[in-house]
Amino acid sequence: MTVITRFPPSPTGFVHIGSLRTALYNYLFTKQQKGKLIIRIEDTDQTRQVDGAVENLLKTLKWAGIEYDEGPVLKEKHIVTNDHIFTNDKGQITKPLSTDVKNNKQSDMYGHLEEKGSHGPYIQSKRLDLYKKYAQELIEKGHAYYCFCTKERLEEMRKKQESLKLAPQYDRFCLKLDKKEIENNLKKGISCVIRQKIPNGNIEFNDIIRGHVTFATQTLDDQILIKSDGFPTYHLANVVDDHLMEVTHVIRGEEWLPSTPKHIHLYQALGWNLPIFAHLPLLLNPDKSKLSKRQGDVAVEEFIEKGYLRDALINFIALLGWHPTENEEIYTLNDLIEKFSLKRVQKAGAVFNKEKLDWMNSVYIKKLSIEELAQLIVPYLQKESWYRENPNILKYIQLIRERLKILSEAPGMLKFFFLDHLKYDVTLFENAKMKVDKNMAKNSLQFANDTLKNHEFWEKDEDLKVPLLSIVEKLQIKNGQLLWPLRVALTNEAFSPGVFELLAAYGKEKSLQRISEALMTLKS
RNA sequence: GGUCCCAUCGUCUAGCGGUUUAGGACAUCGCCCUCUCACGGCGAAAACACGGGUUCGAGUCCCGUUGGGACUCCCA
């Protein structure tokens, strides 16, 4: 049996990091099983359509390295002209993308898409006839019925039930309607929906992750299958499509667990085989609630913009809810494909631990060559007004590589290299712990200036050590009493790379300029 | 409220009845390196929610309690 899985996002804007993990788990499982992954667009809620969302989704999947076998693809032309995600051949982002997505009710929302695969269309709004057909079949078989209740009546009913502390459920008012009344209502064009008729009894199923699960159907509501606008709800569309697309494994978030019995009943009512279910644990906020935008970043686009590397983000989210047996944290995509196991997926939700992501990102940054890193950092620099091309850029980046956690921090760490003049914060020169006061700073800088002026070797930081440390010896001071003022003179920062490295990166001329300008500031 | 799911360090997790004085990673703290910060090295502190069973033996199996979460929309 060929494994067929699917990832069916709703195009409502940005890509949620939890969705990306669901997509990743589907991908890992499918790749390992040598199966097929289907992408399906679940756009059955007309009110939540967001233009550009599908495009954004497909680009994000591409960025993440998640390949699929069937589903919508961007037309070639479109990729070239409108691509706002640029990736190099390693799949790393080379230019931050914009997250602008605007509401748009254009009819040709999907004009820039084509499809691959033999089970299409892969966009649910283009499959409306199919859902109607099966809804009709359900009605004929007595598993569904028309409902003409108004929103007002339903609301009233719900209020009453709530005040009686009952579970809010449809009271099957319209189930009592006879054929004639229904036909009349339909003829008159009264707004209606089609509801699923849930039978009495228990529905049980096996979940790969959770094991045996049982639901009493009495507690299940008669779910709406077709909305009054003619669109299906998730429940119907999902079951119909999964069946028609021959999906074998439904791997989705835990939030779907409570509605799974409804889905199972639909499969049974239509006489279809059940897929195998696997309900993934939720990604959580620090307060353990479902991961949401309110409590931090959840959009994959935001992580990309902030400068998280593809491999780091993938590695990190793969380990949120799953881990192989060994004591290892760093895995490539291929490692993950090889080692992944649905059976080892955790049952409990996982808090999204941003500190660990930062650490992991720094690990991946350190693995990059300077050239690769520069290619990633330059786009961030280009957004700064002070940026201009500089032949020494690789030298500069070399100095910050070890301290960089996310790429967007780079401009702040490199700024002083690009400014013509620094506006010194004089208090920075003084440092009690270093035993440096203003006079000491002035004195040290003066000696440094005089010494370095006559020094010719600037190639390596080692070249500067001997002359500078000879000053320390001569003045009988501590290293820090010379080097602290020097660093402030060179950077106007309290934290920075080492002084010798800075001098070497600046070169003689620029170094001496910084030092004399600092001296002038201190003297004034 | 109802239904379902879940429960090992602060966080992500290893553990699938005895190999456990419960292992790793992030974060925290200390020491070393050192001109600061970071990196790196070494080390410390830190968990089986609780109560009953089953068993010669339970973090591991069962039941209950407590706690948390999801769902309960003409959202997905």
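Keep in mind it's a predicted model, so treat the numbers as computed, not measured.

Note that side chains of opposite charge can pair when their charged atoms are close. In this structure the tally under the stated criterion is 20 salt bridges. With a shortest N-O distance of 3.5 Å, Asp-45 and Arg-48 are connected by a salt bridge. When its relative accessible area of 46% is taken as the criterion, Arg-48 is described as partly exposed. Two residues, Lys-293 and Glu-302, come together in a salt bridge whose shortest N-O distance is 3.3 Å. Judged by its relative accessible area of 44%, Lys-293 is partly exposed. A relative accessible area of 23% places Glu-302 in the partly exposed class.

With that out of the way, let us pick up the sheet that holds strand E8 (residues 193-196). The antiparallel open sheet is built from three strands, whose spatial order is E7-E8-E11. At either end of the open sheet lies a strand with only one pairing partner, and these are strand E7 (144-147) and strand E11 (224-226). With strand direction ignored, the average angle separating the axes of adjacent strands in the sheet is 40°. Sheet analysis places E8 next to E11, joined by two bridges and oriented antiparallel. Directly across from Ile-194, in E11, lies its bridge partner Ile-226.

With that out of the way, let us pick up the domain arrangement of chain A. Looking at the assigned domains, one finds that chain A contains domain 1 (4-125 + 283-344), domain 2 (127-280), domain 3 (368-418) and domain 4 (426-523). The centre of domain 2, based on its C-alpha atoms, is set 55 Å off from the matching centre of domain 3.

Near RNA strand B, the surroundings consist of 66 residues, among which Thr-44, Lys-227, Gly-321, Arg-403 and Arg-487 are the closest. A share of 72% of the atoms of RNA strand B within 4 Å of the protein falls on sugar and phosphate groups. Between RNA strand B and Thr-44, the relevant distance is 2.7 Å, taken from a phosphate oxygen to a side-chain nitrogen or oxygen of the residue. A distance of 3.0 Å is found between a base oxygen of RNA strand B and a backbone nitrogen or oxygen belonging to Ala-494. When residues of the surface near RNA strand B are traced back to their parent elements, those giving at least two are helix H5 (151-163), strand E10 (211-216), strand E15 (350-351), helix H12 (354-367), helix H18 (479-491) and helix H19 (499-506). Along the lines of polarity and charge, the residues of the surface near RNA strand B split into 27 nonpolar, 18 polar and 21 charged.

Attention now goes to the packing of aromatic side chains. Tallying each qualifying case throughout the model produces 18 aromatic pairs. Ring geometry for Phe-205 and Phe-277: centres 5.9 Å apart, planes at 65°, overall edge-to-face. Of this pair, Phe-205 sits in strand E9 (residues 202-207) while Phe-277 sits in strand E13 (residues 276-280), and the two are 72 residues apart along the sequence. An identical accessibility class is assigned to Phe-205 and Phe-277; each is buried.

Attention now moves to the nonpolar core. Ranked by internal contacts, the top residues of the largest apolar core, which has 120 residues, are Ile-17, Ile-377, Leu-414, Phe-417 and Leu-468. Tallying contributions element by element places helix H1 (residues 17-32) first for this core, with eight residues. Not counting residues within four places of it along the chain, the set of residues in contact with Ile-17 comprises Leu-283, Leu-291, Val-298, Val-300, Phe-303, Leu-313, Ile-317 and Phe-352.

On to the side chain of Ser-511. Looking at the element boundaries, Ser-511 is found in helix H20 (residues 508-523). At 3.4 Å, the side chain of Ser-511 and the backbone oxygen of Leu-503 are in polar contact. If we skip the residues at most four places from it in the chain, Ser-511 touches Trp-458, Leu-490, Leu-503 and Tyr-506.

Put simply, helix H14 (residues 393-400) and H19 touch, their axes get as near as 9 Å, and they point 165° apart. As summarised for this structure, H14 and H19 are arranged roughly antiparallel, according to the angle between their axes. In the crossing of H14 with H19, the sense of the turn from one axis to the other is left-handed. Of H19, the residues touching H14 (which contributes Lys-395, Tyr-396 and Leu-399) are Glu-501, Leu-502, Ala-504 and Ala-505. The residue inventory of the contact of H14 with H19, partitioned by class, reads five nonpolar, no polar and two charged.

A few words now on the packing of H14 against helix H15 (residues 410-418). To describe two helices that pack against each other, one gives the angle between their axes and the distance between the axes. It is the contact of H14 with H15, at a shortest axis distance of 10 Å, that shows an interaxial angle of 135°. Taken together, the axes of H14 and H15 are oblique relative to one another. Like other packed secondary-structure pairs, H14 and H15 cross with a definite hand, here right-handed. Touching Ile-393, Tyr-396, Ile-397, Leu-399 and Ile-400 of H14 are Ala-410, Met-413, Leu-414, Phe-417 and Phe-418, all from H15. Its residues assigned to classes, the contact of H14 with H15 comprises ten nonpolar, no polar and no charged.

Each value, and the rule that gives it
Residue numbering note: each chain is counted from 1, following its sequence as written. Each chain takes a letter, starting from A, and each ligand takes a number, starting from 1, following the order in which they are written. Restriction of local features to residues with pLDDT of at least 70 applies here, the model being predicted, together with a cutoff of 80 or more for giving and counting side-chain atom pairs; totals for whole chains, interfaces and linings are based on all residues. Note that water and hydrogens are dropped before the side-chain values are worked out from all heavy atoms of the structure. A side-chain nitrogen of Lys or Arg and a carboxyl oxygen of Asp or Glu constitute a salt bridge if their distance falls within 4 Å. Under the scheme applied here, a residue whose accessible area is under 20% of the maximum for its type counts as buried, over 50% as exposed, and between as partly exposed, the area being computed with a 1.4 Å probe on protein chains only. At least two DSSP bridges between two strands are needed for those strands to be called paired. Each helix is a run of H or I in the DSSP string that is no shorter than four residues. Each strand is a run of E no shorter than two, and both are numbered from the N terminus. Angles run from 0 to 180 degrees between N-to-C directions of axes, and those axes are lines fitted to C-alpha atoms, restricted for helices to the stretch in contact. An automatic or database domain assignment supplies the start and end points of every domain. Near is defined per residue: the residue qualifies when any heavy atom it owns lies within 4 Å of the molecule or strand. N or O atoms closer than or at 3.5 Å make up a polar contact, with two conditions inside protein: a donor-capable atom paired with an acceptor-capable one, and, for residues adjacent in sequence, both atoms drawn from side chains. Nonpolar residues are Ala, Val, Leu, Ile, Met, Phe, Trp, Tyr, Cys and Pro. Charged residues are Asp, Glu, Lys and Arg, and all others, Gly as well, are polar. The aromatic pairing rule takes the rings of Phe, Tyr and Trp, using the six-membered ring of Trp, and pairs them if the centres are within 6.5 Å, calling planes under 30 degrees apart stacked, those over 60 edge-to-face and the rest tilted. The term nonpolar core refers to a set of buried residues drawn from Ala, Val, Leu, Ile, Met, Phe, Trp, Tyr and Cys, joined through side-chain atoms within 4.5 Å. For this analysis, residues touch if any pair of their heavy atoms sits within 4.5 Å. Any angle that falls under 35 degrees is termed roughly parallel, while one over 145 is termed roughly antiparallel, one within 65 to 115 roughly perpendicular, and all others oblique. Here a crossing is taken to be left-handed if its near helix is turned anticlockwise relative to the far helix by less than a right angle, and right-handed if that turn runs clockwise.

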